[in-house]
Amino acid sequence: MGAQSTPERLSLLLGLVLLMLSTIPRFLVGGHDNRFNLILIALLVVAGVAAAHWRLLEAEARLRLPRLMGRLGVCMVAGLAGMGLYHALFTDFIGWELLIAHGATLGLLLHALSIWLRAPGA
């Protein structure tokens, strides 16, 4: 449990918060009240952990965070475009709420892979 807080971990946590926020319309439209309540609780927990990570970051590590958040934004847009293209070509219309949730999932995966591929010593 001696892991240090890094901007990469914080960007992944913030991406997870975005992913959880993107699933909320899906649960509201589908009438899944229990899942909606559970995702809100999990969202609060992950946001709390992200806030704790922010406080633990050193000043020089905080300077790397805007670049990582920009990369997260690009990955989220690419994930949304990729899932939009996939669903346009291979599935029937699934609804905007499911498309946003799937796009955010792909975007977070792309962001995690980009961090993994750029990791020093990997």
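Cut-offs and rules
Residues numbered from 1 in each chain as written. Predicted model: local features only at pLDDT ≥ 70, side-chain atom pairs only at ≥ 80, totals over all residues. Heavy atoms only, no water. Salt bridge = Lys/Arg side-chain N within 4 Å of Asp/Glu carboxyl O. Helix = DSSP H or I, 4+ residues; strand = E, 2+ residues; numbered from the N terminus. Buried < 20%, exposed > 50% of the residue type's maximum accessible area, 1.4 Å probe, protein only. 1 Å grid on protein atoms, 1.4 Å probe; cavity = no way out; pocket = protein on both sides within 12 Å on 5 of 7 lines; lining within 4 Å. Points joined across faces, edges and corners; volume = space filled by probe spheres on them. Nonpolar A, V, L, I, M, F, W, Y, C, P; charged D, E, K, R; others polar. Patch = residues over 30% accessible without salt bridge, like charges linked within 9 Å, V, L, I, M, F, W, Y side chains within 5 Å. Areas by Shrake-Rupley, 256 points an atom, 1.4 Å probe, with all protein chains shown as cover. Expected span 1.5 Å × (residues − 1). Contact = heavy atoms within 4.5 Å. Axes fitted to C-alpha atoms, helices over the stretch in contact; angles between N-to-C directions. Parallel < 35°, antiparallel > 145°, perpendicular 65-115°, else oblique. Left-handed = near helix turned anticlockwise from the far one by under 90°. Core = buried A, V, L, I, M, F, W, Y, C linked by side-chain atoms within 4.5 Å.

Chemist: In this structure, what is going on with the pattern of salt bridges? I would like to understand it.
Modeler: Pairs can form between side chains of opposite charge whenever their charged atoms are close. Evaluated as defined, the whole model comprises 1 salt bridge. Between Arg64 and Glu8 there is a salt bridge, and its shortest N-O distance comes to 2.8 Å. Of the two residues, Arg64 is situated in the loop between helix H3 (59-62) and helix H4 (65-90) and Glu8 in helix H1 (residues 7-30); the sequence distance between them amounts to 56 residues. With a relative accessible area of 42%, Arg64 lands in the partly exposed category.

Chemist: Just checking my understanding: could you explain the layout of surface pockets for this structure?
Modeler: Where empty space is left becomes clear once a probe the size of a water molecule has been rolled over the atoms. Approximately 150 Å³ is the volume attributed to the second largest pocket. In terms of lining residues, the second largest pocket is bounded by Gln4, Ser5, Thr6, Pro7, Glu8, Leu56, Leu57, Glu58, Glu60, Ala61 and Arg64. Of all the secondary structure elements, the ones that give two or more residues to the lining of the second largest pocket are H1 and H3. Split into classes, the residues belonging to the lining of the second largest pocket amount to 4 nonpolar, 3 polar and 4 charged.

Chemist: Whenever I open this one, a nonpolar patch on the surface confuses me. Can you help?
Modeler: Nonpolar side chains collect at one region of the surface, where Val29, Leu80, Trp96 and Ile100 lie side by side and expose about 370 Å² of accessible area between them. Structurally, the position occupied by Ile100 is in helix H5 (residues 96-117). A relative accessible area of 34% places Ile100 in the partly exposed class.

Chemist: Can you help me understand H5 in this one?
Modeler: Every α-helix carries 3.6 residues per turn, so stepping three or four residues along brings you back to the same face. Its 22 residues give H5 an end-to-end C-alpha distance of 31 Å, which sits within 8% of 32 Å, the value for a rise of 1.5 Å per residue. Within H5 the residues assigned to the buried category are Glu97, Leu98, Ala101, Gly103, Ala104, Gly107, Leu108, His111, Ser114 and Ile115. If you follow the buried residues of H5, they end up packed against H1 and H4.

Chemist: Would you mind going over the packing of H1 against H4 with me for this structure?
Modeler: Packed helix pairs are characterised by how far apart their axes lie and by the angle those axes make with each other. It is at 10 Å that the axes of H1 and H4 come closest, and there the two elements cross at 40°. In terms of axis orientation, H1 runs oblique to H4. Of the two elements, H1 crosses H4, and the hand of that crossing is right-handed. Across the interface between the two elements, Pro7, Glu8, Leu10, Ser11, Leu14, Gly15 and Leu18 of H1 pack against Leu65, Leu68, Met69, Leu72 and Met76 of H4. Residue classes in the contact of H1 with H4 are distributed as 9 nonpolar, 2 polar and 1 charged.

Chemist: What exactly am I supposed to notice about the nonpolar core here?
Modeler: The tendency in soluble globular proteins is for nonpolar side chains to be buried side by side. Membership of the largest hydrophobic core comes to 14 residues, with the highest contact counts inside it found for Leu10, Met20, Ile24, Ile39, Leu43 and Val46. Elements represented by at least two residues in this core include exactly H1 and helix H2 (33-56). Looking at which element gives the most residues to this core, the answer is H1, with 6 residues. The residues touching Leu43, leaving out its near neighbours within four places in the chain, are Val17, Met20, Leu21 and Ile24.

Chemist: So what exactly am I meant to see when it comes to the packing of H4 against H5 here?
Modeler: With their axes 7 Å apart at the nearest point, H4 and H5 run at an angle of 130° to one another. Classed by the angle they form, the pair H4 and H5 counts as oblique. Every pair of crossing elements has a handedness; the one defined by H4 and H5 is right-handed. Residues Leu68, Arg71, Leu72, Cys75, Met76, Ala78, Gly79, Leu80, Gly82, Met83, Gly84 and His87 of H4 lie in contact with H5, whose contacting residues are Leu99, Ile100, His102, Gly103, Ala104, Leu106, Gly107, Leu108, Leu110, His111, Ser114 and Ile115.

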